[in-house]
Each structure stands twice: as C-alpha cells, then as structure tokens.
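Next come the chains, spelled out residue by residue.
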Amino acid sequence: MQTYPSKEAFIAEIRRTYKQFDQEFDDVPEDKKNHRIGEVDRTPHEMIAYQLGWLSLVMSWERDERAGIEVTTPAPDYKWNQLGALYQRFYQAYDGYTLEELRFMLKQRTDEWCEWIDRLTEEELFRPGVRKWTVTSANWPMWKWLHINSVAPFKSFRTKIRKWKKYVA
C-alpha cells in the first residue's frame, strides 16, 4: 500500500482518484444503473452506494469518538464478517436516487471527506493509535483506514465500471 509524504499529497490523491472514478459514469445510461452482469460483482448504482456508505460510516466513527461515544466498528449490529449485509444496507439507503443524484452526493461526501482530513494534524493522520477506532481490528494509522475507504475503492471500482461498460454498451 502506498504511503504519503504529507496530508496535502494524500488529499490530492483522493481528489484525483475520485475524479477519475466519477468521470467513468458520464456515459452510463440512467436506465442501466441497476443492470447486473456476471462479469462484475456490482452494478453502477451499487458502486456509488458502497462509496457513499463507507465514506459516511468512517466519518461517523470520527464524529462519535470525538463526542465521547463508544465506536462500534464496522457498525452497530454488524461484525467484520458480515460486510455483505452491511453493503446491502448501503445499497438500500441509496435506492431510488438517480445516477446524477448519486454522483452529486458522492462529490459532496468526497469534498467533506477531504475537508475533514485537511483539519486533522499530521500526527492524527499518520501516527497509529491516536484514535481508538483505528485500533479496533488493526492498529493502523488513520490514513490507512481512510485510504482503503477512498483511494483504493475509487481505483478498483473504476476498473469495474470500465469492465461493466464494455459488456453493457
């Protein structure tokens, strides 16, 4: 996994990979957003809903910890071996939105994500154990949690949406 020399470099990578991912949806027709194919494990709607769900969830961990509320990861009523059910919750939460609305929400959430990271200190971002929620299942520095819930899926889902478009177009 990549490491970052600074908070600014990390934020720039998030924005860059988000933009590349988002642009892939420019030519996805609204009436195909829920079209499932065997070659790709998620529909376009599910890819965006997954991202919205994780970005929101991780930011809620931070909000809760700062408010003195004990954080349950990944989420109350879900264990780490129940992520499939958690993803279904994400998909249901964003069901009924148009692709344009989903993309707008993802842009807003990504902007909030980057603004949040910008307010963190380098120590909070890069030193393990500064937040309790970063130690729950792995003693990672916060940036690693943030990377696997933004940069990494933006890249992997970009590949998936491109593959999806090859089969559906």
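The residue numbers shown here count from 1 along each chain, following its written sequence. Per-residue local features of the predicted model are confined to residues with pLDDT of at least 70, and side-chain atom pairs are confined, for both listing and counting, to 80 or more; whole-chain, interface and lining totals are unaffected and use all residues. Side-chain descriptors were evaluated using all non-hydrogen atoms of the structure, hydrogens and water having been removed beforehand.

- For the chain, the name recorded in an unreviewed UniProt entry is DfsB family protein, with Paenibacillus lautus as its organism.

**A word on helix 3 (residues 83-93)**
At step 1: The classification of residues rests on relative accessible area computed with a 1.4 Å probe and restricted to protein chains. Under 20% of the type maximum is buried, over 50% is exposed, and intermediate values are partly exposed. Only runs of H or I of at least four residues qualify as helices and only runs of E of at least two qualify as strands under DSSP, and these elements are numbered from the N terminus. Those residues of helix 3 that sit buried are Leu-86, Tyr-87, Phe-90 and Tyr-91. The buried residues of helix 3 occupy an angular sector of 145° when the element is viewed end-on, so they sit on one face.
At step 2: On its buried face, helix 3 is in contact with helix 2 (44-66). As used here, the arc belongs to the directions running from the helix axis to the C-beta atoms. Between two residues, a contact is recorded if the distance between any of their heavy atoms is within 4.5 Å.

**Looking at the environment of Ile-161**
At step 1: With respect to the helices, strands and loops of the structure, Ile-161 is situated in helix 7 (residues 151-168).
At step 2: Taking relative accessible area as the criterion, Ile-161 reaches 0% and is therefore assigned buried.
At step 3: Dropping the residues within four chain positions of it, Ile-161 is found in contact with Glu-24, Phe-25, Val-28, Pro-44 and Met-47.

**Describing the packing of helix 1 (residues 7-23) against helix 7**
Helix-helix packing is characterised by the crossing angle of the two axes and by the distance between the axes.
At step 1: Relative to each other, helix 1 and helix 7 sit at 25°, their axes nearing to 9 Å. The pairing of helix 1 with helix 7 is recorded here as roughly parallel in orientation. Considering the relative orientation of helix 1 and helix 7, their crossing is left-handed. Contact residues: helix 1 offers Phe-10, Glu-13, Ile-14, Arg-16, Thr-17, Tyr-18, Gln-20 and Phe-21, while helix 7 offers Val-151, Phe-154, Lys-155, Phe-157 and Arg-158. Lines are fitted to the C-alpha atoms to define the axes, a helix being fitted only along its stretch in contact, and any angle between axes, read from their N-to-C directions, falls within 0 to 180 degrees. In these notes the angle categories are as follows: under 35 degrees is roughly parallel, over 145 is roughly antiparallel, 65 to 115 is roughly perpendicular, and the rest is oblique. Handedness of each helix crossing follows the sense of rotation of the near helix against the far helix: counterclockwise by less than a right angle gives left-handed, clockwise gives right-handed.

**Here's the deal with the environment of Tyr-18**
At step 1: Structurally, Tyr-18 can be placed in helix 1.
At step 2: With 135 residues separating them in the primary sequence, Tyr-18 and Pro-153 have C-alpha atoms 9.2 Å apart.
At step 3: Apart from the residues lying within four places of it in its own chain, the contact partners of Tyr-18 are Arg-103, Leu-106, Lys-107, Thr-110 and Phe-154.

**Looking at the pattern of salt bridges**
At step 1: A carboxyl oxygen of Asp or Glu within 4 Å of a side-chain nitrogen of Lys or Arg is what we treat as a salt bridge. Summed over all chains, the structure comprises 20 salt bridges.
At step 2: Of the charged contacts, one joins Arg-162 and Glu-24 as a salt bridge, the two residues approaching to 3.2 Å between their closest N and O atoms. Here Arg-162 is found in helix 7, whereas its partner Glu-24 is found in the loop between helix 1 and helix 2, with 138 residues between them in sequence.
At step 3: Taking the relative accessible area as the measure of exposure, Arg-162 reaches 43% and is therefore partly exposed.
At step 4: Residue Glu-24 is classed as buried on the basis of its relative accessible area of 10%.
At step 5: As a salt-bridge pair, Glu-62 and Arg-66 come within 2.8 Å of each other at their nearest N and O atoms. One end of the pair is Glu-62 and the other is Arg-66, both in helix 2 and four residues apart, which spans about a single turn.
At step 6: With relative accessibility at 3%, the residue Glu-62 sits in the buried group.
At step 7: Taking the relative accessible area as the measure of exposure, Arg-66 reaches 55% and is therefore exposed.

**As for the confidence of the model for the chain**
At step 1: Known as pLDDT, the predictor's per-residue confidence is scaled from 0 to 100. Averaged over every residue, the pLDDT of the chain is 94; residues scoring 70 or more account for 98%.
At step 2: Mean pLDDT values over the elements of the chain span from 93, in helix 5 (residues 122-126), up to 98, in helix 4 (residues 99-119).

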